[in-house]
Amino acid sequence: MSDPVYNRILLKVGGEALAGPDGFGIDPARAAEVAATVKDVYDLGVQVAIVIGGGNLWRGTIGIEYGMEQSTSDHIGMIATVMNALALQDALERQGVVTRVQTAVEMRSIAEPYIRLRAIRHLEKERIVIIGGGTGNPYFTTDTAGALRAMEIGADVLIKATKVDAIYDSDPKQNPDAKRFKQLSYIDALNFRLRVMDSTAISLCMENELPIVVLNLWQENSVKRLVMGEAVGTVIGNFEQI
Ligand code: UDP
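I will try to describe carefully the structure that is included in this document. Computed from a predicted structure; not experimentally measured. Once a new chain begins, its residue numbering starts again from 1 and follows that chain's sequence as written. This being a predicted model, a pLDDT of at least 70 is required before a residue's local features are given, and a value of 80 or more before pairs of side-chain atoms are given or counted; all residues contribute to the totals for chains, interfaces and linings. Side-chain numbers here rest on the full set of heavy atoms in the structure, without hydrogens or water.

Some remarks on the site of the ligand
This is how the line gets drawn: Distances are taken per atom, and a residue is near a molecule or strand as soon as one of its heavy atoms is within 4 Å of it. In protein, a polar contact means a hydrogen-donor-capable atom and an acceptor-capable atom, both N or O and within 3.5 Å, with residues adjacent in sequence counting only if both atoms are side-chain atoms; elsewhere, any N or O pair within 3.5 Å suffices. For accessible areas, the Shrake-Rupley method is used with a probe of radius 1.4 Å. Any residue's cover is judged against the shown protein chains and nothing else. In this description a helix means any DSSP run of H or I spanning at least four residues, a strand means any run of E spanning at least two, and both kinds are numbered starting from the N terminus. Three categories are distinguished: nonpolar for Ala, Val, Leu, Ile, Met, Phe, Trp, Tyr, Cys and Pro, charged for Asp, Glu, Lys and Arg, and polar for the others, with Gly belonging to the last.
Close to the ligand lie 19 residues; R59, D74, T135, N137 and T142 are nearest. In this structure, an oxygen atom belonging to the ligand sits 2.6 Å away from a side-chain N or O atom of R59. A distance of 3.5 Å separates an oxygen atom of the ligand from a polar atom in the backbone of G77. When the ligand sits alone it has 520 Å² of accessible area, and the protein chains cover 91% of it. A per-element tally of the shell around the ligand places helix α3 (residues 70-94) first, with three residues. When grouped by side-chain class, the residues that make up the shell around the ligand number four nonpolar, 12 polar and three charged.

What follows is the structure in structure tokens.
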């Protein structure tokens, strides 16, 4: 069997991946499915760090709609990501994977604080590192946390695991002729104002030339196939503009 093409990956998983059928809350059965997918990749010998979102529990925009102060609402969102991190940790540990949760906002009695070199050390010791609390700052998203942490830990790629299988020039559910991209330049990705990934995250990756792969987490073995060198989803990188 050939070797994985990546040594270290940063997987950004939206909180919705852990939700039940209605899109809310934490469904341990779904967490187990996500964990199994991650374990398949980990079993290839790839170092895996995960940044988990919180959208299944809370989003900053929910509070803002009700007149809440944005920083407060975002703080709630960051704590929601830690809840998800713990659920995913539990699911992975029950599948025999050694993990560590690190949080950008300190919660020392339940998780380690995020410390870059310690995170790298865990990865080298074959532990999956789950990073909660986003960037630790309001006004950001966990996509940006994914980009930031990927850079900090020297990941080879940022994988944005979503519900869509790739980036299209229009909604494929509404437009049967929607064009599917295998590759996209950072600038085009920014110009498209993608709903699939926020522009701060894309800009950060562009400035640091970190490739992003957008793929469907629920497509059979998608992450594993990518890691083994197959063309999966859409790669955003240093490509020619359309
Ligand atoms: N959040 C934040 N700073 C960060 C990351 C997240 O304030 O660095 C808050 C923000 O309110 C966001 C919420 O946490 O709406 C949940 O994160 P996100 O929306 O990125 O989760 P996902 O959509 O990936 O599930």
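So, next bit.
With respect to the packing of aromatic side chains
This is how it is decided: Between 30 and 60 degrees the pair is tilted, below 30 it is stacked and above 60 it is edge-to-face, where a pair is any two Phe, Tyr or Trp rings, Trp via its six-membered ring, whose centres lie within 6.5 Å. Geometrically, a charge over a ring is one whose NZ (Lys) or CZ (Arg) sits within 6 Å of the ring centre while staying within 35 degrees of the ring normal.
Considering all chains together, one arrives at one aromatic pair under this definition. Here the aromatic rings of F181 and F192 are separated by 5.5 Å at their centres, their planes lie at 40 degrees, and the arrangement is tilted. Residue F181 is found in strand β8 (residues 180-181), and its partner F192 is found in the loop between α6 (186-191) and α7 (199-207); the two are separated by 11 residues along the sequence. Taking NZ or CZ as reference, R30 lies 4.0 Å from the ring centre of W218, over its face.

A closer look at the sheet that holds strand β5 (residues 128-132)
Within a sheet, each strand pairs with its neighbour through backbone hydrogen bonds, oriented either parallel or antiparallel. The line we're drawing: If DSSP finds at least two bridges between two strands, the strands pair.
Taken together, the nine strands give an open sheet; going across it, the order is β4-β3-β5-β2-β1-β6-β10-β11-β9, and neighbouring strands pair in mixed fashion. Edge positions in the open sheet fall to β4 (112-113) and β9 (183-185), since each of these has one partner strand only. Inspection of the sheet shows strand β2 (residues 47-52) paired to β5 by three bridges, in the parallel sense. Bridging across to β5, I50 finds its partner in I130.

A few points about the pattern of salt bridges
Any two side chains of opposite charge can pair if their charged atoms end up close together. The following threshold applies: Salt-bridge detection follows one rule: a side-chain nitrogen of Lys or Arg within 4 Å of a carboxyl oxygen of Asp or Glu.
Taken as a whole, this structure holds 13 salt bridges when the rule is applied. A salt bridge links D165 to R180; its shortest N-O distance comes to 3.5 Å. Of the two residues, D165 is situated in the loop between β6 (157-162) and β7 (167-168) and R180 in strand β8; the sequence distance between them amounts to 15 residues. Three or more residues are tied together by salt bridges with common partners; here these are K12, D143 and K160.

Some words on the nonpolar core
This is how it is decided: We define a nonpolar core as any set of buried Ala, Val, Leu, Ile, Met, Phe, Trp, Tyr and Cys residues linked to one another through side-chain atoms lying within 4.5 Å. Categorising residues by exposure relies on relative accessible area from a 1.4 Å probe, with only protein chains included: less than 20% of the type maximum marks a residue as buried, more than 50% marks it as exposed, and the intermediate range marks it as partly exposed. Residue contacts are defined here by distance: any two heavy atoms, one from each residue, within 4.5 Å place the two residues in contact.
The biggest cluster of nonpolar side chains holds 36 residues, and the ones touching the most others in it are I9 and I50. Of all the elements in the fold, those that place two or more residues in this core are β1 (8-13), α1 (28-42), β2, α3, β5, β6, β10 (212-216) and α8 (222-227). At six residues, the largest contribution of residues to this core is made by α1. In contact with I9, other than residues within four places in its own chain, are V41, V46, Q47, V48, A49, A155, V157, I159, V223 and V227. Ranked by size, the runner-up nonpolar core spans 31 residues in total, among them V51, Y114, I120 and C205.

Notes on α1
To be explicit about the condition: To estimate how far a helix should extend, the number of its residues minus one is multiplied by 1.5 Å.
In this model α1 runs 20 Å from its N-terminal to its C-terminal C-alpha over 15 residues, within 8% of the 21 Å that 1.5 Å per residue would give. On its buried face, α1 sits against β1, β2, α3, β5 and α8. The distance from a side-chain oxygen at the start of α1 to the backbone nitrogen of A29 is 2.9 Å, and the residue carrying that oxygen is D27.

Some thoughts on the packing of helix α5 (residues 142-153) against α7
Think of two packed helices as two axes; the pair is described by the angle between the axes and how far apart they sit. Which entries qualify depends on this criterion: Axis lines are fitted to C-alpha atoms, over the contacting stretch for helices. Their N-to-C directions set the angle, which ranges from 0 to 180 degrees. Under this scheme an angle from 65 to 115 degrees is roughly perpendicular, one under 35 degrees roughly parallel, and one over 145 degrees roughly antiparallel; angles in between are oblique. Left-handed describes a crossing whose near helix is turned anticlockwise from the far helix through less than a right angle; right-handed describes the clockwise counterpart.
Here α5 crosses α7 at 20 degrees, and the two axes come no closer than 7 Å. Classified by the interaxial angle, the pair formed by α5 and α7 is roughly parallel. Handedness of the crossing formed by α5 with α7: left-handed. Facing D143, T144, A147, L148 and M151 of α5, the residues of α7 in contact are T200, A201, L204 and C205.

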